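The primary structure of each chain is shown beneath.
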Protein chains: 2
Amino acid sequence: MDIQELVKSLARETDSKIVFLIMDGLGGLPVGEHGKTELELARTPNMDELAKKGVLGLADPIAPGISPGSGPGHLALFGYDPVKYLIGRGVLEALGIDFPLQAGDVAIRINFCTVDEKGVVIDRRAGRISTEENARLCQKLKEKIKIEGAEYFLEPVKEHRAVLVFRGEGLGDKLNDTDPQLVGKAPLELSAEDEPSRRTKALADQFLSQAKEILKDEHPANMLLLRGFAKFHRYPSFYEVYKLKACAIAQYPMYRGLARLVGMEILDVGDKLEDLFGVLEQVWERYTFFFVHIKKTDSAGEDGDWARKVEVIEAVDRLIPRVVALKPDVLVITGDHSTPSKLKAHSFHPVPVLIWSENVRRDLAEEFGERACLQGALGRFPMQYLMSLAMAYALKLERFGA
Amino acid sequence: MDIQELVKSLARETDSKIVFLIMDGLGGLPVGEHGKTELELARTPNMDELAKKGVLGLADPIAPGISPGSGPGHLALFGYDPVKYLIGRGVLEALGIDFPLQAGDVAIRINFCTVDEKGVVIDRRAGRISTEENARLCQKLKEKIKIEGAEYFLEPVKEHRAVLVFRGEGLGDKLNDTDPQLVGKAPLELSAEDEPSRRTKALADQFLSQAKEILKDEHPANMLLLRGFAKFHRYPSFYEVYKLKACAIAQYPMYRGLARLVGMEILDVGDKLEDLFGVLEQVWERYTFFFVHIKKTDSAGEDGDWARKVEVIEAVDRLIPRVVALKPDVLVITGDHSTPSKLKAHSFHPVPVLIWSENVRRDLAEEFGERACLQGALGRFPMQYLMSLAMAYALKLERFGA
């Protein structure tokens, strides 16, 4: 059974409002002396109050044991099968700079690199050139490179990384990386597996030969490597699937890009944590679904800084009353995956989930934490079901069958 | 989603070590006056200590309500879809005597039987002849039977049962049993459903007509029946799928055979319970995965002897410190299915699972038992996910998606 297809067939448009408050990398592992996770350590009186009145559970973004990247983690949150809809590397890189991809575009990661006089790669990252130098090189390339047969876009990302997008008819993405993976080897020739990909190869070869000439006197970035060819497929939008008017209130480009992928409106928002909540209040009347994304829980986890992760969670908790005051019909608080400070990385541990709504059957949990979630009414479930649950609690789903 | 395919695509080879301590038929049902299961009744201070520091859960080998045989039970433990990879009866019989099957072999169960002068079966088990008599008959048949078109192997199993293997090109296994299932009927003629199976039929018919002649003056085993034609397909090995160097420390042929099926190295081990642990210690440096199989929990359950099952569990518990002293990165203690003494048979009840590792998020369980497992962080899950969990806790899986 495809749960999203089923939900799509039952969804109806109503005025009820759903808020997804996503603390990136929320789930943790025990830290410190008392065996408590970051979320369990944090003083969260407001979330605890919601936990008492709501339901808790633990969700697996992909499957037990599988650590998700940000792409699959968010797709699962949004109710899209994260394996079926796996996002290619080039596309993710383009989303990460908020590039407005169109269906059929082929996006490719670029690494500027250094080659010696024989054309052998001696530094795969060109000494991690500055982002400014990267921007200058991209500008120079764009001014000079002419491609026949398609439009192209070239945008700097960060340090030695950039993104290249081809927009044309019938392009494929079954091409190898030119990155030899090891220094001391020349960049690999491109080869294409099928006819559409041969069209892309013709474009990429034009790009590469001109880029080689243009960059030859630069130092240290005198060449570039192409990686992660990925065709962009249009995703069914939030409105098509759920009949939701959805907006994204997110500060980081990657998450704005992921939200754009599923057809959310992307809102401008300042840099501070409070700004997320300010925008939510301002646009409250205009939408029925609000994706609010908080990045700093994940960043602290990745840095192994459990105290800072606790602080971010506590700071979010202090802002919860502003969300509650808006009287959402359904408020979901969770993450896209776990990022335990102990592991300094995304992990496979299931993600704590809190759902507050008037229509929940209460459970035994008295606070929001991983162990409290073990006693929650939601049990352990695939994250992909979270959207169907939220839609159901918001009374937005028709009955299935007569 | 095929979880094993996904895990295969993410597995990396590392030095971390995983131990699977499998107590066959571990799960039970309440016995005696206090409503406790065998595992709950057993004094298991060492496993309880691991339960406090680890995570518990309950696993369904196949699906809720389905009682597994040993084959599917172990395939699920090893992370292979037990329905997709169902092992045919003939193949299981061959595995049960540690017969080294090769891909393409067709294995068939043999029952020696008794027929009257008209060729009608009057005892489908030939009065359960002794294993020695069985061995004598097999030897006699092997000396005389010549098959054209393929190699064959004939090995006694136990009492009236033997196993026949054909090794040749392009053989099939879509053939009926010759066992009429009822006394008073003649053995059935073989019929084959497709061309490869017709090749097998040609071999089996040669075998049957010669065997009939050779056995005709024997008593009571003056004929034999063929059952469970099954072609052996090579399974993806533990190293191919998980990048694990795996060994099996098992005393019973069936489990050694199942481990060989997935490419584990099969180690010699003495008859005593302690011998399993001695071998584990001896070979510790050589492998990254250790399948340790304890049979006697199941045997006691099958005999309906709950007190003996409790004793076996307690005896295993006393040996646990020897495993812990080796400092495995992940220690899994579970069974391949439940065998409640009350039912004297394999049952469908989910199997208690304990996972101990440095990377667990602790749960509320304080001891190892079926009801404690209800409070475990692993929840209830398909047994096929156990390998992905173990791989994850051992930090042997890459992130899925960017």
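Since the model is a prediction, treat every value here as computed from it, not as a measurement. (Residues numbered from 1 in each chain as written. Chains lettered and ligands numbered in written order. Predicted model: local features only at pLDDT ≥ 70, side-chain atom pairs only at ≥ 80, totals over all residues. Heavy atoms only, no water.)

In this structure, what is going on with the pairing of strand 7 (residues 223-231) of chain A? I would like to understand it.
The two faces of the sheet receive side chains in turn, since in a regular strand these alternate between them. All names here are of chain A. Burial runs high along strand 7: eight of the nine residues are buried. Looking at chain direction, strand 3 (residues 106-115) and strand 7 are connected through seven bridges and run antiparallel. The residue bridging Asn 111 from the neighbouring strand is Leu 225, located in strand 7. (Buried < 20%, exposed > 50% of the residue type's maximum accessible area, 1.4 Å probe, protein only. Helix = DSSP H or I, 4+ residues; strand = E, 2+ residues; numbered from the N terminus. Pairing = 2+ DSSP bridges.)

So what exactly am I meant to see when it comes to the packing of aromatic side chains here?
Between two aromatic rings, the relevant description is the distance of the centres plus the angle of the planes. As enumerated under the stated definition, the model contains 27 aromatic pairs over all chains in all. Aromatic pair Tyr80(B) and Phe238(B): ring centres 6.4 Å apart, planes at 15°, arrangement stacked. On the criterion of sequence distance, the pair formed by Tyr80(B) in the loop between helix 4 (70-77) and helix 5 (89-96) and Phe238(B) in helix 8 (residues 238-242) is long-range, its members being 158 residues apart. With relative accessibility at 1%, the residue Phe238(B) sits in the buried group. Through a chain of ring-to-ring contacts, the aromatic side chains of Phe20(A), Phe78(A), Tyr80(A), Tyr85(A), Tyr235(A), Phe238(A), Tyr242(A), Phe289(A) and Phe291(A) assemble into a single cluster. Lying across the ring of Trp284(A), Lys17(A) places its NZ or CZ 5.5 Å from the centre. (Phe/Tyr/Trp six-rings, centres within 6.5 Å; stacked < 30°, edge-to-face > 60°. Lys NZ or Arg CZ within 6 Å of the ring centre and 35° of its normal.)

Looking at this structure, how should I read the interface of chain B and chain A?
Note on interface size: it is often stated as the accessible area lost on association of the parts. The interface is formed by 27 residues belonging to chain B together with 35 residues belonging to chain A. Of all residues in chain B, Arg361(B), Phe400(B) and Ala402(B) bury the most surface against chain A, accounting for 35% of the area lost on that side. For the pair chain B and chain A, the interface holds zero salt bridges. Put simply, chain B and chain A have nine residue pairs in polar contact (both at pLDDT 80 or more) between them. Those elements giving two or more residues to the side of chain B that touches chain A turn out to be helix 1 (3-10) and helix 14 (386-393) of chain B. (Contact = heavy atoms within 4.5 Å. Buried area = accessible area lost by both parts, 1.4 Å probe. Salt bridge = Lys/Arg side-chain N within 4 Å of Asp/Glu carboxyl O. Polar contact = N/O pair within 3.5 Å; in protein donor to acceptor, adjacent residues only side chain to side chain.)

Is there a simple way to explain the sheet that holds strand 13 (residues 379-382) of chain B in this structure?
Within a sheet, each strand pairs with its neighbour through backbone hydrogen bonds, oriented either parallel or antiparallel. All names here are of chain B. Here eight strands make up an open sheet; going across it, the order is 9-8-10-1-11-12-2-13 and the pairing mixed. With partners counted over all chains shown, the strands left at the sheet margins are strand 9 (265-266) and strand 13, one partner each. With four bridges joining them, strand 2 (residues 55-60) and strand 13 adopt parallel strand pairing. Each residue of the ladder has a partner; that of Leu 58, found in strand 13, is Arg 380. Strands in contact with helix 4 are strand 1 (18-23), strand 10 (289-294) and strand 11 (330-334); relative to strand 1, the strand with the most contacts, it is inclined by about 155°. (Axes fitted to C-alpha atoms, helices over the stretch in contact; angles between N-to-C directions.)

How do you make sense of the environment of Glu155(A) when you look at a structure like this?
Residues and elements named next belong to chain A. Structurally, Glu 155 is set in strand 5 (residues 151-158). Note on Glu 155: relative accessible area 27%, which makes it partly exposed. In the structure, Glu 155 is positioned 135 residues away from Phe 20 in sequence and 31 Å away in space, judged by C-alpha atoms. When neighbours within four sequence positions are excluded, Glu 155 is seen to be in contact with Ile 97, Phe 99, Cys 138, Lys 142, Ala 162 and Val 163.

In this structure, what is going on with the side chain of Glu218(A)? I would like to understand it.
Residue and element names in this part refer to chain A. Looking at the secondary structure, you find Glu 218 in the loop between helix 7 (195-215) and strand 7. We classify Glu 218 as buried; its relative accessible area is 11%. A polar contact is formed between the side chain of Glu 218 and the side chain of Arg 136, at a distance of 2.7 Å. Not counting residues within four places of it along the chain, the set of residues in contact with Glu 218 comprises Glu 133, Arg 136, Leu 137 and Lys 140.

Looking at this model, I keep getting lost on the relation of the copies chain B and chain A. Mind explaining?
The pair of chain copies shares a relation made of a rotation about an axis and a shift along it. Mapping chain B onto chain A calls for a rotation angle of 123° and an axial translation of 0.0 Å; the resulting RMSD is 0.3 Å. Between the two chains, the operation in question is that of a three-fold axis. Comparing interface residues between copies, only 4% of those in chain B also lie at the interface in chain A; the contact surfaces differ. (Least-squares fit on C-alpha atoms with pLDDT ≥ 70 in both.)

I'm lost on the environment of Ile355(A) in this one. Help?
All names here are of chain A. Considering the arrangement of structural elements, one finds Ile 355 in strand 12 (residues 351-357). Separated by 177 residues in the primary sequence, Ile 355 and Thr 178 have C-alpha atoms spaced 46 Å apart. Discounting residues that sit within four places of it in the chain, Ile 355 has contacts with Gly 54, Val 55, Val 330, Leu 331, Val 332, Val 360, Leu 378, Leu 386, Leu 389 and Tyr 393.

Which parts of the structure should I look at to understand unusual backbone geometry?
Glycine aside, the phi torsion of most residues is negative, and most peptide linkages are trans. A cis geometry characterises the amide bond from His219(A) onward to Pro220(A), with omega recorded as 0°. Tracing the sequence through the fold places Pro220(A) in the loop between helix 7 and strand 7.

Please clarify how the state of the cysteines should be interpreted in this entry.
By definition, a disulfide links the sulfur atoms of two cysteine residues through a covalent bond. According to the stated counting rule, one finds zero disulfides over all chains in the structure shown. The thiol of Cys113(A) is not disulfide-bonded; the next cysteine sulfur, from Cys138(A), is found 13 Å away. (Disulfide = S-S within 2.5 Å.)

I tried to follow the sheet that holds strand 13 (residues 379-382) of chain A on my own but got confused; where do I start?
Residues and elements named next belong to chain A. Taking strand neighbours across the sheet as the criterion, the eight strands line up as 9-8-10-1-11-12-2-13 in an open arrangement whose pairing is mixed. Each having just a single partner strand, strand 9 (265-266) and strand 13 make up the two edges of the open sheet. With five bridges connecting them, strand 1 (residues 18-23) and strand 11 (residues 330-334) associate as parallel partners. Directly across from Phe 20, in strand 11, lies its bridge partner Val 332. Helix 10 (residues 273-283) rests against strand 1, strand 8 (246-250) and strand 10 (289-294) of the sheet, and its axis sits at about 170° to strand 10. Taken strand by strand, helix 12 (residues 306-324) contacts strand 1, strand 10 and strand 11, and its axis lies near 170° from that of strand 1.

What should I look at first to understand the pattern of salt bridges in this one?
Close approach of charged atoms allows side chains with opposite charge to pair. All names here are of chain A. Here the structure, examined in full by the defined rule, presents 54 salt bridges over all chains. Its salt-bridge partner being Lys 309, residue Glu 38 comes within 3.9 Å of it at the nearest N-O pair. One end of the pair, Glu 38, is in helix 2 (residues 38-41); the other, Lys 309, is in helix 12, with 271 residues separating them in the sequence. Across this residue pair, the class does not change: Glu 38 and Lys 309 are buried. For the salt bridge of Asp 105 with Arg 167, the shortest nitrogen-to-oxygen distance reads 2.8 Å. Within this pair, whereas Asp 105 is found in the loop between helix 5 (89-96) and strand 3, its partner Arg 167 is found in strand 6 (residues 161-167), the two being separated by 62 residues in sequence. This pair shows no difference in class: Asp 105 is buried, exactly as Arg 167 is. Three or more residues are tied together by salt bridges with common partners; here these are Asp 98, Arg 256, Arg 260 and Asp 268.

Please explain the environment of Glu285(A) as it appears in this structure.
In this fold, Glu285(A) is placed in the loop between helix 10 and strand 10. With 268 residues separating them in the primary sequence, Glu285(A) and Lys17(A) have C-alpha atoms 9.4 Å apart.

Can you help me understand the nonpolar core in this one?
A general tendency of soluble globular proteins is for nonpolar side chains to be buried together. By size, the foremost hydrophobic cluster in this structure holds 69 residues, and its most contacted members are Ile66(A), Tyr80(B), Phe238(B), Met264(B), Phe289(B) and Ile355(B). Ranked by the residues each element gives to this core, the list is headed by helix 14 of chain B, at seven residues. Here Met264(B) is in contact with Phe78(B), Phe238(B), Ala246(B), Cys247(B), Ala248(B), Ala259(B), Phe289(B) and Phe291(B), once residues within four sequence places are set aside. Judged by nonpolar contacts, the second largest core, of 60 residues, contains Leu75(A), Ala259(A), Met391(A) and Ala402(B). (Core = buried A, V, L, I, M, F, W, Y, C linked by side-chain atoms within 4.5 Å.)

Help me understand helix 10 (residues 273-282) of chain B in this model?
For an α-helix the count is 3.6 residues per turn, leaving residues at separations of three or four pointing the same way. Turning to helix 10 of chain B, its buried residues are Leu273(B), Leu276(B), Phe277(B), Gly278(B), Val279(B) and Leu280(B). The inward-facing, buried residues of helix 10 of chain B abut strand 1, strand 8 (246-250), strand 10 and helix 12 (306-324) of chain B.

I'm lost on helix 7 of chain A in this one. Help?
All names here are of chain A. The terminal C-alpha atoms of helix 7, which comprises 21 residues, lie 30 Å apart, in line with the 30 Å expected from a rise of 1.5 Å per residue. Among all positions of helix 7, only Ser 197, Thr 200, Leu 203, Ala 204, Phe 207, Leu 208, Ala 211, Ile 214 and Leu 215 are buried. Angularly, the buried residues of helix 7 cover 140° about the axis, an arc narrow enough to put them on a single face. Against strand 3, helix 6 (131-144), strand 5, strand 6 and strand 7 lie the buried residues of helix 7. (Expected span 1.5 Å × (residues − 1). Arc of directions from axis to C-beta.)

Honestly, the confidence of the model for chain A in this entry has me stumped. Any pointers?
Caution is warranted with low-pLDDT regions, since their predicted coordinates should not be read in detail. Residues at a pLDDT of 70 or more form 100% of chain A, whose mean pLDDT is 95. Taken over the whole predicted complex, pTM reads 0.89, whereas the ipTM for its chain interfaces reads 0.87. (pLDDT = per-residue confidence, 0-100.)

Mind showing me how you'd approach the packing of helix 6 (residues 131-144) of chain B against helix 7 (residues 195-215) of chain B here?
When two helices pack together, their arrangement is captured by the angle between the axes and the distance separating the axes. All names here are of chain B. Between helix 6 and helix 7, the least distance of the axes is 10 Å, while the angle of their chain directions is 120°. In terms of their interaxial angle, helix 6 and helix 7 are classed as oblique. Once helix 6 is placed against helix 7, the crossing between them reads as right-handed. Contacts between helix 6 and helix 7 pair Leu 137, Lys 140, Leu 141 and Lys 144 from the former with Gln 210, Ala 211, Ile 214 and Leu 215 from the latter. The residue makeup of the contact of helix 6 with helix 7, split by class, is five nonpolar, one polar and two charged. (Parallel < 35°, antiparallel > 145°, perpendicular 65-115°, else oblique. Left-handed = near helix turned anticlockwise from the far one by under 90°. Nonpolar A, V, L, I, M, F, W, Y, C, P; charged D, E, K, R; others polar.)

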